[in-house]
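# Residue-level structure breakdown
Here is what each chain is made of, one letter per residue.
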There are 2 protein chains.
Amino acid sequence: MSTCSETIKKGRGRPKTFDRDDALDKALLLFWQHGFEATSMADLVAATGAKAPTLYAEFENKEGLFRAVMDRYMDSFAEQRARALNCPGKSAQQGIEDFFRTTATCFTDGKKPSGCFIICTSSALAASSSDVARMLHARHHAMEATLHDFLHQRQVQGELAAALDVSQVAEYLACVLQGISVRAREGASTEDVNRIIDTLMRQWPTLIQP
Amino acid sequence: MSTCSETIKKGRGRPKTFDRDDALDKALLLFWQHGFEATSMADLVAATGAKAPTLYAEFENKEGLFRAVMDRYMDSFAEQRARALNCPGKSAQQGIEDFFRTTATCFTDGKKPSGCFIICTSSALAASSSDVARMLHARHHAMEATLHDFLHQRQVQGELAAALDVSQVAEYLACVLQGISVRAREGASTEDVNRIIDTLMRQWPTLIQP
């Protein structure tokens, strides 16, 4: 049960404490659906049920709240996807495939807005929102860096050829993932997205050829 | 020179006629930068320089103006990209590569907001804006259909194997293009995008293998 009902019950009994995680989850959904620009502090106050001064005290402003929301998203979703990659017993090919399959399910499970939060909000962003853009790009780059580090590690271990440009492969894989996010946002099903992953994985031998 | 200065010069001399294309070009830039939701009719009036009653008379409402803007975008940019594809003398591989190179330049030329207008505004859209979403998806589907028709035609002519699932290839190519648009929006240069196209085209033989 939400502890954010304090605004409704104000004055009755001991004030309930502000539930930061619950507020962040609600703010995440709102930003995810409407983007950074189209979401106002008034919308965020209404959705979280928190008092406006509480939100300002906790996050300073909309940018601060957005930053906290991004971190929460990275902790819960992005790390879960990265775990699918980093299982020592798996081949590089299996690790990449599992990462994509986990992501596909995550983007299309219908339990939250479709697609990747970082990619969706980044695409929705005006050129003018440069601070927020920088924050998003840093997180986004982290995803590509995860893929790069995984491939590089497998290269060091000798599983992938020493002459392979792993940066270029990671960049390409990140691009396909971004395309998948756009398609999920537009209503592609888990099955649709898995068909794209089938096509991608059929190219694996060519992809890792130096 | 813009003919939209009527609001400034009103009452002096003969009223200038409303320049529909000029207003659409300015509205296109605004929607492209900020998305459908974050752009208000007041913003559009200010950017186009037209009078609000003129915009309402011409386009009825924001959705109507957005529809006209999409059509103008499709006429000027999407058709230009499709022409790169449909040159009878080219191989299928060359046609696809030229289509991607033209698109990459178009997404990153710095003369207009980066990325594809349709993909950018679609990603920025709330789940609630269903009419606008339908309009965007129809245009978006048209791009994938262009790729599909091209591949199907080359299949009928015997250049591509009869057993190849051209729908699946078109779907995959459209996904990569969507990813490229996201990256362009995030600041990727023409060179960055061309590196991704290099990786894609190296996989061409595997991609068209049935």
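The structure displayed is predicted, hence computed values, not measured ones.

Helices and strands together make up the secondary structure of chain A, namely 10 helices and 0 strands. Ordered by position from N to C terminus, the α and β elements of chain A give α-α-α-α-α-α-α-α-α-α. The burial tally for chain A puts 52% of its 210 residues in the buried class. Considering only contacts within chain A whose residues lie at least 6 apart along the sequence, 68% involve residues at least 24 apart. Accessible area for chain A stands at about 9300 Å²; split by element, carbon and sulfur atoms hold 51% of it.

Attention shifts here to unusual backbone geometry. One non-glycine residue, A:Glu60, adopts positive backbone phi at about 75°. Examined against the element boundaries, A:Glu60 turns out to sit in the loop between α3 (52-59) and α4 (62-85).

Taken as a whole, this structure holds 22 salt bridges over all chains when the rule is applied. Across the pair A:Glu97 and A:Arg101 runs a salt bridge whose closest N-O atoms are separated by 3.0 Å. Placement of the pair is A:Glu97 and A:Arg101 together in helix α5 (residues 92-108), with a separation of 4 residues, close to one helical turn. You can call A:Arg101 partly exposed: its relative accessible area is 21%. Of the charged contacts in the structure, one is a salt bridge between B:Arg72 and B:Asp25, with a shortest N-O distance of 2.6 Å. Placement of B:Arg72 in helix α4 (residues 62-85) and of B:Asp25 in helix α1 (residues 20-34) is noted, with a sequence separation of 47 residues between them. Overall, the relative accessible area of 25% leaves B:Arg72 in the partly exposed class. A relative accessible area of 34% means that B:Asp25 is categorised as partly exposed. Residues joined by salt bridges that share partners form a network here, namely A:Asp21, A:Asp25 and A:Arg72.

Here we come to the state of the cysteines. Taken as a whole and judged by the stated rule, the model has 0 disulfides over all chains. Cysteine B:Cys175 shares no disulfide, and the gap to the nearest cysteine sulfur, in A:Cys175, comes to 7.7 Å.

Turning to the packing of aromatic side chains, a few remarks are in order. Summed over all chains, the structure comprises 10 aromatic pairs over all chains. Relative to A:Phe66, the ring of A:Phe36 has its centre 5.1 Å away and its plane inclined at 70°; by these criteria the two rings are edge-to-face. Remark: A:Phe66 occurs in helix α4 and A:Phe36 occurs in the loop between α1 (20-34) and α2 (41-48); sequence separation between them is 30 residues. According to the relative accessible area criterion, A:Phe36 is buried, its value standing at 6%. Here the aromatic rings of B:Phe31 and B:Phe66 are separated by 4.8 Å at their centres, their planes lie at 85°, and the arrangement is edge-to-face. In this pair, B:Phe31 sits in helix α1 while B:Phe66 sits in helix α4, placing the two residues 35 residues apart along the sequence. The class of B:Phe31 is buried, set by a relative accessible area of 0%.

This next bit is on the packing of α5(A) against helix α7 (residues 130-156) of chain A. Residue and element names in this part refer to chain A. Taken N-terminus to C-terminus, the directions of α5 and α7 make an angle of 165°; their axes are 10 Å apart at the nearest point. Classified by the interaxial angle, the pair formed by α5 and α7 is roughly antiparallel. For the element pair α5 and α7, the recorded crossing hand is right-handed. Contacts between α5 and α7 pair Ala92, Gly95, Ile96 and Phe99 from the former with Met143, Leu147, Phe150, Leu151 and Arg154 from the latter. Here the contact of α5 with α7 is composed, by residue class, of 7 nonpolar, 1 polar and 1 charged.

Turning our attention to helix α9 (residues 190-202) of chain A. With 13 residues, α9(A) extends 18 Å between its outermost C-alpha atoms, agreeing within 8% with the 18 Å of an ideal straight helix rising 1.5 Å per residue. Residues of α9(A) that are buried include every one of A:Val193, A:Ile196, A:Ile197, A:Thr199, A:Leu200 and A:Met201, and no others. Of the surrounding secondary structure, the elements contacted by the buried residues of α9(A) are α5, α8 (166-185) and α10 (204-207) of chain A together with α8 (166-185) and α10 (204-207) of chain B.

The topology assignment puts A:Glu144 in helix α7. Here A:Glu144 falls in the buried class, since its relative accessible area comes to 16%. Side chain to side chain, A:Glu144 and B:Arg183 meet in a polar contact 2.7 Å long. Not counting residues within four places of it along the chain, the set of residues in contact with A:Glu144 comprises A:Ala170, A:Glu171, A:Ala174 and B:Arg183.

It is worth spelling out the environment of B:Thr54 at this point. Residue and element names in this part refer to chain B. By secondary structure assignment, the location of Thr54 is in helix α3 (residues 52-59). On the basis of relative accessibility, which here comes to 22%, the residue Thr54 falls in the partly exposed class. For the pair formed by Thr54 and Phe18, sequence separation is 36 residues and the distance between their alpha carbons is 7.9 Å.

For the rest of this paragraph, the subject is the packing of α4(A) against α5(A). Geometry of a packed helix pair, given as the angle between the helix axes and the separation of the axes. Residues and elements named next belong to chain A. As a packed pair, α4 and α5 sit with axes 6 Å apart at the nearest point and diverge in direction by 145°. Only Gly95, Ile96, Asp98, Phe99, Thr102, Thr103, Cys106 and Phe107 of α5 make contact with α4, whose side of the interface consists of Tyr73, Phe77, Gln80, Arg81, Ala82, Ala84 and Leu85. For the contact of α4 with α5, the residue count by class is 9 nonpolar, 4 polar and 2 charged.

The rules behind each value
Residues numbered from 1 in each chain as written. Chains lettered and ligands numbered in written order. Predicted model: local features only at pLDDT ≥ 70, side-chain atom pairs only at ≥ 80, totals over all residues. Heavy atoms only, no water. Helix = DSSP H or I, 4+ residues; strand = E, 2+ residues; numbered from the N terminus. Buried < 20%, exposed > 50% of the residue type's maximum accessible area, 1.4 Å probe, protein only. Contact = heavy atoms within 4.5 Å. Areas by Shrake-Rupley, 256 points an atom, 1.4 Å probe, with all protein chains shown as cover. Salt bridge = Lys/Arg side-chain N within 4 Å of Asp/Glu carboxyl O. Disulfide = S-S within 2.5 Å. Phe/Tyr/Trp six-rings, centres within 6.5 Å; stacked < 30°, edge-to-face > 60°. Axes fitted to C-alpha atoms, helices over the stretch in contact; angles between N-to-C directions. Parallel < 35°, antiparallel > 145°, perpendicular 65-115°, else oblique. Left-handed = near helix turned anticlockwise from the far one by under 90°. Nonpolar A, V, L, I, M, F, W, Y, C, P; charged D, E, K, R; others polar. Expected span 1.5 Å × (residues − 1). Polar contact = N/O pair within 3.5 Å; in protein donor to acceptor, adjacent residues only side chain to side chain.

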